[in-house]
Structure formats: C-alpha cells, structure tokens
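Inside the fold
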Amino acid sequence: MAVYSMTGYASVQDTGPAAGAEGDGRAGPARRLGLEIRSVNSRFLDIAFRLPDELRSHEAALRERITTRIKRGKVEVRAAIETDADTALPDPSVRMLQRLNGLQDAVRAWLPGAVPLSVAEVLRFSAAEQDRGRPYDWSASLMALADQAIADLQAAREREGARLAAMLRDRVAQLRALAAQATPLVPQLVEQQRQRFMERWREAMALGEGTVLPEAAQDRALSEATAFAIRIDVAEEITRLDSHLDEIDRLLGKGGELGKRLDFLIQELHREANTLGSKSAALELTRISVDMKVLIEQIREQVQNLE
C-alpha cells in the first residue's frame, strides 16, 4: 500500500447543455461545471464545502464519496457553474427590450426623477433572463467529476507521500549510522576511566608506575570503574532506538494510515536521544546526541504531513 501525504490539489471541469435548452427551446450560453479539491495536514478528517445554491443538495453525497477514499486531512471542496455569458456580451431579445422599456415608463410615470436604464443594466438584465431557464440537473456530472477529482487528489497525495517516505528513509539511515558510532564509544570510555582511577590510586599511595597496587586498592578502583560503566551505559537506549527505527521502516513499507503511529515513534526516538545526551561522558557522545535530535526533529516535521 502506498504512503499518502495530506497535501494535494485537483481540478476538473465538465460542460453541460446550454442554459435554457430544456426550457423554451431557445439556446442560451453554454454552461460549465468546475470542481476543485485541495487538502492540507490536519489531526483528523475535516471537510469544508464551497458550493453554489444549485449544488448544495449534493453535499451529503460528496461527503460520503470523500470519506470512503480519504481518512485524514483538512479538505476543501469548491464548485462553480459558469456560462459563456460571464465572459461574452448577451444579445438582448426584442421582447426583453420591450419589457424593460415598459417597466421604465411605468416607474418614471410615478417617479419622474428616476434615472433611465443604462446600457450596462440592460445587458445585465438580459444575461439574467437568458440564464433563467429550467434548472439543469447536474447530479450525474457532479458525481462523475467528484470521482475524477478525488482520484486525481489521491494521485497527487501519493506522489507527495512517496517523496516524504524517501526523505524519512534517508533520515532513518543517518540515525542508524550515528547509533553505530555511539556503540563502541562506551567500552572505550570505561577503559579510559578505569586507567584514570588506577593512576589516581597510585598517586594517592605514592607508588611508581611499575608498582603493583595493593589488592584492596585495585578492587576499589575496579568498583569505581564498574559504577561509572553502569552510569554511562547507553546500550539499552541504542537497542530501543534501533527497534524504533526498524518499526518506522516497517510502517513505511506497509503504507496506508501511518501518520499517528509515526508521530508516537518520533516521541520515543526523541526520548532515547535525550537520555543518550544526559548519560554522555565525552564530547563525541554529546555531538552524536545533538545530531540525532536534529534528524529526529526533521522527521517529526515531515511526519505531520503524512495521512
């Protein structure tokens, strides 16, 4: 199954019959139905509609179609019905002009100071008259457009999801490399600390370099080194971090709805990196911890965009 981003956009358009074609038989301007769907990241599925009055009755059907394909994200659906009259000047009929003239005379008979109709107003009334035919049923066209738009949106979300998955796998590989660098550092630090304890005991007892420490002093130095090793041991943190990285790889390979699970794993990764830094007894371990936190933060930002 693919990995989907919550970010995507799709736009489709369909041409219906001319306005008035089903009314008085007089062809009017051609009508077009346009549908846009865009989505961004969100914790849940949130759908908002911007539909003209002619299409509001189809909102429930559109919502059902979207929820069957999209599980998470803030989705906005916009639809618009356009006619050629929006971009071209209408051709007023003689009947319309006669009617407007009669109405104007009637108004001015009672209101002599009324302003005469302008050419722009006549054209606007004419366009409204031409588009006032029997309403066209967009049901079939709207549902077909919705299916196409949702498919295009999912394709866009899948492409973006593939890009995000590739980036996440790259960051996971870098985290594994940092963990591999940290693993051999702990035994080296323990050995260095053991030698340091030995030297301090020799100095305290004023013994030479080649002199063997008394058994009690040597046992005390070894106990101190053991306590130090336990305090700085990060083997468990490295093991858990590797386990979380394995789970991220598994989820990316599985695909589907994985955003929330990945978000939880990122929190766990951050906890392990913090613990690694708090146990650090060398600048190298501190640097590794900081580099891990940077990578984990980059992963967290991108995971917020996954469905």
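Here is what the cut-offs are and how they apply
Residues numbered from 1 in each chain as written. Predicted model: local features only at pLDDT ≥ 70, side-chain atom pairs only at ≥ 80, totals over all residues. Heavy atoms only, no water. Helix = DSSP H or I, 4+ residues; strand = E, 2+ residues; numbered from the N terminus. Buried < 20%, exposed > 50% of the residue type's maximum accessible area, 1.4 Å probe, protein only. Contact = heavy atoms within 4.5 Å. Areas by Shrake-Rupley, 256 points an atom, 1.4 Å probe, with all protein chains shown as cover. Core = buried A, V, L, I, M, F, W, Y, C linked by side-chain atoms within 4.5 Å. Salt bridge = Lys/Arg side-chain N within 4 Å of Asp/Glu carboxyl O. Patch = residues over 30% accessible without salt bridge, like charges linked within 9 Å, V, L, I, M, F, W, Y side chains within 5 Å. pLDDT = per-residue confidence, 0-100.

**Let's talk about the overall build of the protein**
A count of helices and strands for the protein gives nine helices and four strands. Ordered by position from N to C terminus, the α and β elements of the protein give β-β-β-α-β-α-α-α-α-α-α-α-α. Looking at the 307 residues of the protein, the share that counts as buried comes to 36%. Counted over contacts in the protein with a minimum sequence separation of 6, partners at least 24 positions apart contribute 80%. Within the structure as shown, the protein displays about 17,500 Å² of accessible surface, and the carbon and sulfur contribution to it stands at 53%.

**What about the nonpolar core?**
Counting residues in each nonpolar core, the largest one holds 32 residues, and the members touching the most others are L168, L175, I248, L262, L269 and M292. For this core, the secondary structure elements donating two or more residues are α4 (139–182), α7 (235–254), α8 (259–278) and α9 (283–303). At nine residues, the largest contribution of residues to this core is made by α4. Residue contacts for L175: discarding those within four places in its chain leaves L241, L245, L269, M292, L295, I296 and I299.

**Focus: the pattern of salt bridges**
For the coordinates displayed, the defined rule picks out 18 salt bridges. Across the pair E59 and R63 runs a salt bridge, and its minimum N-O distance is 3.5 Å. Note that E59 and R63 are positioned in helix α1 (residues 59–69) at a spacing of four residues, about one turn of the helix. For R240, the salt bridge goes to E272, with nearest N and O atoms at 3.0 Å. Here the residue R240 occupies a position in helix α7, and E272 occupies one in helix α8, the gap between them amounting to 32 residues. Given a relative accessible area of 34%, R240 falls into the partly exposed group.

**Topic: a nonpolar patch on the surface**
Residues V107, W110 and L111 make up a contiguous nonpolar surface patch of about 400 Å² in total accessible area. Within the secondary structure, W110 sits in helix α2 (residues 94–110).

**A closer look at the confidence of the model for the protein**
Within the protein, residue pLDDT values average 81, and 72% of them lie at 70 or more. Looking at the elements of the protein, mean pLDDT is at its lowest for helix α6 (residues 215–232), recorded as 60, and at its highest for strand β3 (residues 45–50), recorded as 94. Across residues 19–27, confidence stays below pLDDT 50; counting only partners more than four residues off in sequence or on other chains, it has 15 contacts.

**Focus: the side chain of Q104**
The topology assignment puts Q104 in helix α2. Since its relative accessible area comes to 18%, Q104 is described here as buried. The residues contacting Q104, other than those within four sequence positions of it, are P116 and L117.

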